[in-house]
Amino acid sequence: MAESGRKTYRATADCTAGRITAVDEKQYTLGGVWDNSDIGAGRTKWRGADGQIIGRDNASGGLAISQQWELLCPGPVSPALLSQAAVPSARSTPATVPICAGKRFCEETDSFGVIVRDFRPSTISGSVRVVSATLKFLNKTNRPLILGYVRSAGVAVDERGNRYTLASAESVRGMGEITGREFDPKFTLAPGQTADTRFEFIWQWNGRDILGMKAWDVEVAVRSVTEVAPGQYRFGAEHALQFRGVPPAAVISSESLAPSQAPPDAGGTATAEPVPEVRATDACVGRPRCFSSGSFVAEIQHAALTHEGAYKDRVARLNVAIRNTTQRPLSLAYVAKSSVLTDNLGNRFFWGTAGTYDTSATGIGKVEGNRVDPQMTLAPGESRVATFTLRRRTPRTDPDGAAYTYNVTVAELQVINSQQVRTSREHSIMFADFALTSSAVGSAAAPPQSAAPVQSTEQNIKKLSDAIRGLGSKKR
């Protein structure tokens, strides 16, 4: 059918518990095996949420569920599996207070909740369309939680059936990608901590298909990971997150992922540990151009727009003050090619030209490939300003946007030894819907405050290593 010919249908199953979420997005429990009195003899039979067996006729769809189960979980149905399926699912009695009750575009599992913070379309060129989704995750457990994005398991489909996909690893910011047995654990949440990730879905328009503009169905898959030994990880459950009918809007959902109140009839029967409160007071409350990661605060001090050159290129310069809020030295670096500015008209500003080196950030070091420069090393409480420059070439008659959203990824660095530094965590930062100050042609934004002198990468690594050793000696 035209209205569903491009839709992705997804089924997931727990093969050890006899439970499946079928392509109709409903959950079913294994109820036995069909007899030979009708079609489907020997195939699995299934119970719906009401406990009733789903008929094996085509209208009921019981054998369609069987087919999906057999594809995902091939093998005989053993008495042990039937016995396990008879045990009530832990999901039927939530172990924690729900956090998505009453919230739109919110999903949760036993270990985490996730909500769509921001979703907006834009255009790279006349034919390349992009929709960017910023998702906020909350760790509901009382232990550190590691999550990774499963490669090729992300899609956004508009109301016209056009499919936007994640083109590469750089389409996901803030979260590591799982490819086979390879994994980068840079998305680790402490108990009760929240953090953002950004997914950029791309579609190559052929100039003929009708563009969807009203709503997208968004699907991504993430997987929990457990560190069993230093540098060794075991993959856990995979979670297919689905957000239906997401509109192209600014901040479309409340940023709060605090637990909802327990249901009135819950009484005192809950035995599981409660969801921990989100740690630390947000240092950015009431400050619209501010972002708090838990270890640092970033705030736009000055943002200017100029028209430069013969083609009147739009050039945006953002001065961002970054302050260390921890009690230890903190080293940060800009993740190359992650800087994106989008206006309310859907126009994108870029860090530079594809195929070239990213030199758009000053006052802060850069992570590019396996090269890391920790020149922004901040003492506890210290603040420094980094400047980010973005450019858009456009016909000079095009209007300027009235509001802008800036996304950038900043890496938190860790010293391995006196000569090596690696990324321990990535922070996907978003400043939403702010104005740019128009400046005279060719003028520069206000100069960064407390700019650090230019030093080599080796000097910066030594500086960070010395600072950490000095902190350790003070404690002794």
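Cut-off values and rules
- Residues numbered from 1 in each chain as written.
- Predicted model: local features only at pLDDT ≥ 70, side-chain atom pairs only at ≥ 80, totals over all residues.
- Heavy atoms only, no water.
- Helix = DSSP H or I, 4+ residues; strand = E, 2+ residues; numbered from the N terminus.
- Buried < 20%, exposed > 50% of the residue type's maximum accessible area, 1.4 Å probe, protein only.
- Contact = heavy atoms within 4.5 Å.
- Areas by Shrake-Rupley, 256 points an atom, 1.4 Å probe, with all protein chains shown as cover.
- Pairing = 2+ DSSP bridges.
- Axes fitted to C-alpha atoms, helices over the stretch in contact; angles between N-to-C directions.
- Phe/Tyr/Trp six-rings, centres within 6.5 Å; stacked < 30°, edge-to-face > 60°.
- Polar contact = N/O pair within 3.5 Å; in protein donor to acceptor, adjacent residues only side chain to side chain.
- pLDDT = per-residue confidence, 0-100.
- Disulfide = S-S within 2.5 Å.

Caption draft 1: Seen up close, the overall build of the chain. When its secondary structure is counted, the chain shows three helices and 30 strands. The 476 residues of the chain split such that 44% are buried. For the chain, restricting intrachain contacts to residue pairs at least 6 apart in sequence, the fraction spanning at least 24 positions comes to 68%. On the chain, roughly 23,600 Å² of surface is accessible, and the fraction owed to carbon and sulfur atoms is 51%.

Caption draft 2: Quick look at the sheet that holds strand 1 (residues 12-14). Taken in spatial order, the four strands of this open sheet run 1-2-3-4, and their pairing is antiparallel. This sheet does not close on itself; its edge strands, each paired only once, are strand 1 and strand 4 (44-47). Strand-to-strand twist in this sheet, taken as the mean axis angle between neighbours without regard to direction, amounts to 35 degrees. As paired elements, strand 1 and strand 2 (residues 19-21) share three bridges and run antiparallel to each other. Residue pairing in the sheet places Asp-14 in a bridge with Arg-19 of strand 2.

Caption draft 3: Structural detail: unusual backbone geometry. The backbone of Phe-105 sits at a positive phi, close to 55 degrees, despite the residue not being glycine. Along the chain, the position of Phe-105 falls in the loop between helix 2 (79-85) and strand 5 (106-108). Its identity as a non-glycine residue notwithstanding, Ser-152 has a phi of 65 degrees, on the positive side. Assessed through its relative accessible area of 70%, Ser-152 is described here as exposed.

Caption draft 4: Up close: the packing of aromatic side chains. Tallied over the entire structure, the rule returns eleven aromatic pairs. A ring pair is formed by Tyr-149 and Phe-199, whose centres lie 5.9 Å apart and whose planes are at 70 degrees; its orientation type is edge-to-face. Separated by 50 residues along the polypeptide, Tyr-149 in strand 8 (residues 145-158) and Phe-199 in strand 13 (residues 194-204) bring together distant segments of the chain. For the pair formed by Tyr-149 and Phe-199, the shared burial category is buried. When the centroid spacing of 6.1 Å and the interplanar angle of 80 degrees are considered together, the rings of Phe-183 and Phe-235 count as edge-to-face. Residue Phe-183 is found in the loop between strand 11 (177-178) and strand 12 (188-189), and its partner Phe-235 is found in strand 15 (residues 232-246); the two are separated by 52 residues along the sequence.

Caption draft 5: Structural view of the side chain of Glu-219. Here Glu-219 shows up in strand 14 (residues 216-229). Here Glu-219 falls in the buried class, since its relative accessible area comes to 4%. Within polar-contact distance, the side chain of Glu-219 engages the side chain of Arg-10 at 3.3 Å. The residues contacting Glu-219, other than those within four sequence positions of it, are Thr-8, Arg-10, Ala-153, Gly-154, Val-155, Phe-201, Leu-241, Gln-242 and Arg-244.

Caption draft 6: Fine view of the pairing of strand 15. Of the strand pairs in this sheet, strand 14 and strand 15 are connected by eleven bridges, and their pairing is antiparallel. Residue pairing across strands places Trp-216 opposite Val-246, the latter belonging to strand 15. The antiparallel pairing of strand 14 with strand 15 creates a hairpin that spans two residues between the two strands, and Gly-231 there sits at a positive phi of about 80 degrees.

Caption draft 7: How the structure looks around the environment of Ser-122. Here Ser-122 shows up in strand 6 (residues 112-123). Judged by relative accessible area, Ser-122 falls into the buried class, the value being 5%. Sequence spacing of Ser-122 and Gly-346 is 224 residues, and the spatial spacing of their C-alpha atoms is 4.1 Å. When near neighbours in sequence (up to four residues on either side) are disregarded, Ser-122 contacts Arg-129, Val-130, Thr-342, Gly-346 and Arg-348. At 3.1 Å, the side chain of Ser-122 and the side chain of Arg-348 are in polar contact.

Caption draft 8: Main features of helix 1 (residues 62-72). Three or more residues of helix 1 are buried, namely Gly-62, Leu-63, Ile-65, Ser-66, Gln-68 and Trp-69. Against the buried residues of helix 1 lie strand 1, strand 2, strand 3 (27-33), strand 4 and helix 2.

Caption draft 9: Spotlight on the confidence of the model for the chain. Across the chain, the average pLDDT comes to 81, with 80% of residues at or above 70. Mean pLDDT values for the elements of the chain range from 57 in helix 3 (residues 457-475) up to 95 in strand 27 (residues 383-392). Low pLDDT (under 50) marks residues 90-95, which in the prediction has three contacts with non-local residues, meaning those over four places away or in another chain. The low-confidence segment residues 261-280, where pLDDT is below 50, has 23 contacts with residues more than four positions distant or belonging to other chains.

Caption draft 10: Representation of the state of the cysteines. Inspection of every chain in the model, using the stated rule, returns three disulfides. One disulfide in the model links Cys-15 with Cys-73; its S-S distance is 1.9 Å. Sign of the S-S torsion, about -75 degrees for the bond between Cys-15 and Cys-73, identifies this disulfide as left-handed. In this pair, Cys-15 is assigned in the loop between strand 1 and strand 2 and Cys-73 in the loop between helix 1 and helix 2, connecting sequence segments 58 residues apart. For Cys-15, a relative accessible area of 37% translates into the label partly exposed. Each bonded cysteine of the chain gets a number by its place in the sequence, and the pairs then read 1-2, 3-4, 5-6.

Caption draft 11: Up close: the environment of Asp-14. Checked against the element boundaries, Asp-14 lands in strand 1. Residues Asp-14 and Cys-73, spaced 59 residues apart in sequence, show a C-alpha to C-alpha distance of 8.3 Å. Apart from residues lying up to four places away in sequence, Asp-14 is in contact with Arg-19 and Trp-69.

Caption draft 12: The arrangement of the pairing of strand 7 (residues 128-139) in detail. With twelve of its twelve residues buried, strand 7 lies for the most part within the structure. Because side chains alternate across strand 7, one face comprises the buried residues Val-128, Val-130, Ser-132, Thr-134, Lys-136 and Leu-138, and the other comprises Arg-129, Val-131, Ala-133, Leu-135, Phe-137 and Asn-139, equally buried. Relative to strand 7, strand 6 runs antiparallel, the two sharing eleven bridges. Across the sheet, Ser-122 pairs through a bridge with Val-130, a residue of strand 7. The hairpin formed by strand 6 and strand 7 contains four residues between the paired strands. Pairing of strand 7 with strand 13, which is carried by eleven bridges, proceeds in the antiparallel orientation. Bridged to Leu-135 within strand 13 is Thr-197.

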